[in-house]
Amino acid sequence: MLYLSIRQYEYVIAVADAGSLTEAASRLNVSQPSLSVAISRVEDVVGSKIFVRRKGATIKITPFGHHFLSNARTLLDNAKLLEQGHEVTRPFILGCFEDLAPWHLASSLETLRHHFPNITFEGVAGRFSELASGLEEGRIDLALSYDIGFDAKYERQIIKRAAPVAFVASDHPLAARSELQLQDLESHQLIFFEESLSNQFMRELLDRLHITPSIAPPVRSLELMRSMAAHGNGVGISYSRPPSDVCYDGTSLVTLPVITSEAEVDIKLIWSNLLETAPWFTKALTLLGEPPESKVRHIERRAPNEL
């Protein structure tokens, strides 16, 4: 609950700017006793003195008062912007599905910051439900994700197609293969992610293909999936493929492409259909849709201040 009004914040700033209650009361067109009571009320609510007021002496601002006044001025500035229909300045937030983030988030932020230097960009990684709620509630402006858990109130642009890979131990019966079909995994135990929508997606995919393998306890992270697979605890299935076939503990594993066409998915840029986009937004979508190597070359050949 808020106990102070915008008007009371204006009173405090007016006293600070005028340097006296008498002058501030005159500027505000209120009586000096009323202004004095209002200032005391504010100090009572915040629990600290903003001014040192002594009869016949100039008003002094306390150290706490300086900090309070700085925040009060920001509050009033933001209130004016809101009243005029403008959004309070804040960073543009790019969200990324947590499994894709190590491959895409940092490079995407680098691209945006280079091409739009006058805009502040920040990135967050999250699960499908976190990205969807963030977009809906305005905490995230644009998300890079698989299209899982996003309904019709979101706009989409495809970046690329992705196919899954299978992680197996070096001595696994499938390790000598160069590629796999999902049907090849029916007799093997599979390791899925704990993330509910990701887990549900994989199970529904197998159901559509009439594949009924055994399912190991789910894991939370990609590296744990790889480690479990490397130590013979099943076959891990993921749409993310690290460049190394060595786990954190030094154990080797084999990564096999899964070529089942029905398993391919799109990686997309997703945003709310209620988002009021600026003119630069369309260009940003195009830039983020370029292959990573193209983005690097593009950055290198442009002047630093070129939009």
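Residues numbered from 1 in each chain as written. Predicted model: local features only at pLDDT ≥ 70, side-chain atom pairs only at ≥ 80, totals over all residues. Heavy atoms only, no water.

- The protein chain carries the name DNA-binding transcriptional regulator, LysR family in an unreviewed UniProt entry, which gives Cohaesibacter gelatinilyticus as its organism.
- According to its UniProt record, the protein chain has this under Sequence similarities (unreviewed entry): "Belongs to the LysR transcriptional regulatory family." (UniProt positions renumbered as here; feature names shortened; annotations may be inferred.)

1. As for the packing of helix α2 (residues 21–28) against helix α3 (residues 32–46)
Consideration 1: Remark: α2 packs on α3, axes separated minimally by 9 Å, with the N-to-C direction vectors making an angle of 105 degrees. In this view, α2 runs roughly perpendicular relative to α3, as classed from their interaxial angle. Across the interface between the two elements, L21, T22, A24, A25 and L28 from α2 touch Q32, L35, S36 and I39 from α3.
Consideration 2: For the contact of α2 with α3, a count of residues per class yields six nonpolar, three polar and no charged. (Axes fitted to C-alpha atoms, helices over the stretch in contact; angles between N-to-C directions. Helix = DSSP H or I, 4+ residues; strand = E, 2+ residues; numbered from the N terminus. Parallel < 35°, antiparallel > 145°, perpendicular 65-115°, else oblique. Contact = heavy atoms within 4.5 Å. Nonpolar A, V, L, I, M, F, W, Y, C, P; charged D, E, K, R; others polar.)

2. Brief notes about helix α8 (residues 222–230)
Consideration 1: Of all nine residues in α8, seven are buried, a share of seventy percent or more.
Consideration 2: All buried positions along α8 are accounted for by L222, E223, M225, R226, S227, A229 and A230.
Consideration 3: Buried residues belonging to α8 abut α5 (101–115), β7 (165–169), β8 (190–191), β9 (235–238) and β10 (253–257).
Consideration 4: At the C-terminal side of α8, G232 shows a positive phi close to 80 degrees. (Buried < 20%, exposed > 50% of the residue type's maximum accessible area, 1.4 Å probe, protein only.)

3. Notes on the packing of aromatic side chains
Consideration 1: Enumeration according to the criterion identifies 15 aromatic pairs in this entry.
Consideration 2: Here the aromatic rings of Y146 and Y239 are separated by 5.7 Å at their centres, their planes lie at 55 degrees, and the arrangement is tilted. Here the residue Y146 occupies a position in strand β5 (residues 142–146), and Y239 occupies one in the loop between β9 and β10, the gap between them amounting to 93 residues.
Consideration 3: The exposure class assigned to Y239 is buried, which follows from its relative accessible area of 16%.
Consideration 4: When the ring centre of F167 is taken as origin, the NZ or CZ atom of R226, which lies over that ring, is 5.8 Å away. (Phe/Tyr/Trp six-rings, centres within 6.5 Å; stacked < 30°, edge-to-face > 60°. Lys NZ or Arg CZ within 6 Å of the ring centre and 35° of its normal.)

4. A word on the pairing of strand β3 (residues 92–97)
Consideration 1: Taking burial as the measure, the six residues of β3 include six buried ones, the bulk of the element.
Consideration 2: Residues of β3 alternate between two faces, with F92, L94 and C96 on one and I93, G95 and F97 on the opposite face, all of them buried.
Consideration 3: For the crossover from β3 across α5 to strand β4 (residues 121–126), the handedness is right-handed.
Consideration 4: Across three bridges, β3 lies against β5 in parallel orientation. Note on β5: the bridge partner recorded for C96 is L144. (Right-handed = clockwise from strand over helix to strand, strands pointing away. Pairing = 2+ DSSP bridges.)

5. Considering the environment of E10
Consideration 1: Tracing the backbone through its elements, the reader meets E10 in helix α1 (residues 6–18).
Consideration 2: With relative accessibility at 30%, the residue E10 sits in the partly exposed group.
Consideration 3: When the C-alpha atoms of E10 and L28 are compared, they prove to be 9.2 Å apart, with 18 residues separating the residues in sequence.

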